[in-house]
Amino acid sequence: MRQSTILIALTLILAQHVTPSFGGEQGEASPWTLRQCIEYALANNITVKQQEVAVQNSEVQLSTARNSRLPSLNASASQSFNFGRGQTIDGTYVNRNTQNTGFDLGTQIPLFTGFQIPNNIAARRLDLQAAVADLERARENISIQVTSAYLEVLYQKEMTGVQEQQVALSRQQLERLQKLYENGKKSEADVAQARSTLANDQLQLTRQQNQQQLALLELSQLLELPTPEGFDIAEPTFAASTDIAAVTLESPDDIFAIATQQRPQVQAERLRLESAERNVKIAQSGHYPTLSLNGGIGSGYYKTNGFSADPFFRQMKNNLNKYIGLSLSIPIFNRFQTRNQVRQARLQVENQQLSLDATQKALYKEIQQAYYNAEAASKQYESSATAEEAAEASFQLMQKKFENGKANATEYEEAKTRLQRAQADHLQAKYTALFRHRILRFYRGEPLY
């Protein structure tokens, strides 16, 4: 419980310190880093907040279980009026009216409950730890989603840069052809085609800028930001420093051996299995007798109409009584309720064991998929890098031919289009590989940023 409280407190503290301002009257704020995005999402995501509430609910249940050791204290008061014939002390019946007032204060202390209380406390403590693990799982899920959206924005920004280069290149070609046309070395049709190419590239740039803005919008919505206006991100350090071609991937079995000891979803299921085993012992406590200590104090006031009676407070003092005793309850036959409760608890243990096995198998499948995705992404990155180099060399040659009049505009445009496509494929392969590699390392317990 203490660890979960500290975890929630840290989340709230981070929410106050990692909420960068953006936009506003004081100018543009600095771009958000991946770490800032993840921490802000963790502090504001609704799913994470719901899981934090679940942790608090488990803390309350644990507190209730612990407090069951405490004695109970109850006070009661009664007032009654009797009318009609009643028997007197000498055995005769007469008409009389009486009134009775009573007060009682009693306590009960459990001494032995068949080990139900300690097992219940242990089970609720395990449930709390499982809830904390579920919270960590929710935090991990939102972290992965933010990382994916973050890298998508970076990809779209670089694609915008590529398209801007295409526009600049087309503008240079238009200016060159315009000068050649003025000198009579190019026709008006060549200039018109170059102008059309520039306009098409500018249209593609506008579309790409829209794609970039949509990616930023999706990330801002994931962060629960009120508006994406003025929001921008910075390139993470690992994006520039990671040599994708030099990354060595660990085998799925090695990663799985580490992940099973660290992943919160596995820990949560293991804790629930231990809790289910405790619930069996709780159910078995119904076979044991229970012993409790009882004690109390009480007093009363009595009055019969037509007869004199001592004053109220004198009677309360004179009629004061105290009691203390032990109460033993021995179960003999309860229609097989305890037996069936034990059976149900054991079935729940079996079901929870299956849930643990299913979670471990699902985790292994995830790691296998992440490994082969990362391996394929690395190969795709290497292939796309080679293709981009070849497309760049081909375009440079075609550009020289076009400028020397040895190639027509159609051939030039085809070479430029191939280069643009190769650059886009290379960028996409780059960020796909970065994301796949980060996910694979994430399963080993390394941070995403």
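Residues numbered from 1 in each chain as written. Predicted model: local features only at pLDDT ≥ 70, side-chain atom pairs only at ≥ 80, totals over all residues. Heavy atoms only, no water.

Some words on the overall build of the chain
What counts is decided by this rule: Only DSSP runs of H or I with at least four residues qualify as helices, and only runs of E with at least two residues qualify as strands; both kinds are numbered from the N terminus onward. Atoms considered for the radius of gyration are the C-alpha atoms alone. The globule rule reads 2.2 Å times the number of residues to the power 0.38. To sort residues, take the accessible area from a 1.4 Å probe on protein chains only and compare it with the maximum for the residue type: under 20% means buried, over 50% means exposed, and anything in between is partly exposed. For this analysis, residues touch if any pair of their heavy atoms sits within 4.5 Å. Only the protein chains shown count as cover for residues, and the accessible areas themselves come from Shrake-Rupley with a 1.4 Å probe. Think of it this way: Lys and Arg go in the positive column, Asp and Glu in the negative one, and His and the chain ends go nowhere. Lysine's charge is taken at NZ, arginine's at CZ, aspartate's at CG and glutamate's at CD.
Across its full length, the chain holds 11 helices and 6 strands. By the compact-globule yardstick of 22 Å for 449 residues, the chain is too spread out, its C-alpha radius of gyration being 39 Å. C-alpha extents for the chain along the principal axes are approximately 145 × 55 × 35 Å. Looking at the chain as a whole, 37% of its 449 residues are labelled buried. In the chain, of all internal contacts separated by at least 6 residues, the share reaching a separation of at least 24 is 81%. When the accessible surface of the chain is totalled, it reaches about 26100 Å², and 51% of it is carbon and sulfur. Computed over 46 positive and 46 negative side-chain charges, the separation of the two mean positions in the chain equals 12 Å.

Some words on the packing of helix H3 (residues 46–67) against helix H4 (residues 116–182)
Helix packing for two helices is described by the angle between their axes and how far apart those axes are. Selection criterion: Here, axes are lines fitted to C-alpha atoms. For helices the fit covers the stretch in contact, and angles between N-to-C directions go from 0 to 180 degrees. For classification purposes, an angle smaller than 35 degrees is called roughly parallel, one larger than 145 roughly antiparallel, one from 65 to 115 roughly perpendicular, and anything else oblique. Amino acids are sorted into nonpolar (Ala, Val, Leu, Ile, Met, Phe, Trp, Tyr, Cys and Pro), charged (Asp, Glu, Lys and Arg) and polar (every other residue, Gly among them).
Here H3 crosses H4 at 170 degrees, and the two axes come no closer than 9 Å. Comparing the axis directions of H3 and H4 gives the class roughly antiparallel. For the contact of H3 with H4, the residue count by class is 13 nonpolar, 4 polar and 8 charged.

What about the pattern of salt bridges?
Which entries qualify depends on this criterion: Here, a salt bridge means any side-chain nitrogen of Lys or Arg that lies within 4 Å of a carboxyl oxygen of Asp or Glu.
Taken as a whole and judged by the stated rule, the model has 13 salt bridges. When the shortest N-O distance is used, the salt bridge between Arg-272 and Asp-134 registers 2.1 Å. One end of the pair, Arg-272, is in helix H8 (residues 264–284); the other, Asp-134, is in helix H4, with 138 residues separating them in the sequence. With its nearest N and O atoms 2.9 Å apart, the salt bridge here joins Arg-444 to Glu-446. Since its relative accessible area comes to 24%, Glu-446 is described here as partly exposed. One network of salt bridges, in which partners are shared, links Glu-250, Arg-441, Arg-444 and Glu-446.

Details of the confidence of the model for the chain
Note the threshold: Residue-level confidence of the predictor is what pLDDT reports, using numbers from 0 through 100.
Considering every residue of the chain, the mean pLDDT works out to 88; 91% of them sit at 70 or more. Note on residues 1–19: pLDDT under 50 across the span, and 25 contacts to partners over four residues away in sequence or across chains. Segment residues 21–27: pLDDT under 50, and 11 contacts once partners within four positions in sequence are set aside and those in other chains are kept.

Here's the deal with the packing of aromatic side chains
Note the cut-off: Ring pairs are drawn from Phe, Tyr and Trp, using the six-membered ring of Trp, whenever the two centres fall within 6.5 Å, and their geometry is named by plane angle: stacked under 30 degrees, edge-to-face over 60, tilted for the rest. Two thresholds decide whether a charge sits over a ring: the Lys NZ or Arg CZ must be within 6 Å of the ring centre and within 35 degrees of the ring normal.
Under the definition given, this model contains 12 aromatic pairs. Relative to Phe-313, the ring of Phe-312 has its centre 5.2 Å away and its plane inclined at 90 degrees; by these criteria the two rings are edge-to-face. Residue class for Phe-313 comes out exposed when judged on its relative accessible area of 69%. Here Phe-395 and Tyr-412 contribute two aromatic rings whose centre-to-centre distance is 5.6 Å and whose plane-to-plane angle is 40 degrees, an arrangement assigned as tilted. With Phe-395 in helix H10 (residues 337–403) and Tyr-412 in helix H11 (residues 409–442), the pair connects residues that are 17 residues apart, well separated along the chain. The residues Phe-395 and Tyr-412 share a single accessibility class, namely buried. Grouping aromatic residues by their ring pairs yields a cluster made of Trp-32, Tyr-40 and Phe-231. Sitting above the plane of the Phe-402 ring, Lys-186 keeps its charged end 5.7 Å from the centroid.

Focus on the sheet that holds strand S1 (residues 72–82)
Counted only if it meets this: Between any two strands, at least two bridges found by DSSP are needed for them to pair.
One open sheet accounts for 4 strands, arranged S1-S4-S5-S6; its pairing is antiparallel. In this open sheet, the two edge strands, each paired with only one partner strand, are S1 and strand S6 (321–329). The sheet shows a mean angle of 20 degrees between the axes of neighbouring strands, direction not considered. Sheet topology note: the S1/strand S4 (residues 98–112) ladder contains 11 bridges and is antiparallel.

Considering the nonpolar core
Selection rule: In plain words, nonpolar cores are sets of buried Ala, Val, Leu, Ile, Met, Phe, Trp, Tyr and Cys residues tied together by side-chain atoms within 4.5 Å.
By size, the foremost hydrophobic cluster in this structure holds 67 residues, and its most contacted members are Cys-37, Val-146, Leu-219, Leu-223, Phe-231 and Ile-233. Going through the elements one at a time, helix H2 (34–44), H3, H4, helix H5 (188–222), helix H7 (252–262), H8, H10 and H11 are the ones with two or more residues in this core. A per-element tally of this core places H4 first, with 17 residues. Look past the residues within four positions of Cys-37 in its chain and what remains in contact with it is Trp-32, Val-146, Tyr-150, Leu-219, Leu-223, Phe-231 and Ile-233. One finds Leu-174, Phe-402, Ala-407 and Ala-415 within the second-largest nonpolar core, a separate group that totals 19 residues.

Describing the environment of Gly-445
Considering the arrangement of structural elements, one finds Gly-445 in the segment after H11. Residue classification places Gly-445 among the partly exposed residues on the basis of a relative accessible area of 42%. With 24 residues separating them along the chain, Gly-445 and Arg-421 place their C-alpha atoms 36 Å apart. Dropping the residues within four chain positions of it, Gly-445 is found in contact with Gln-262 and Arg-263.

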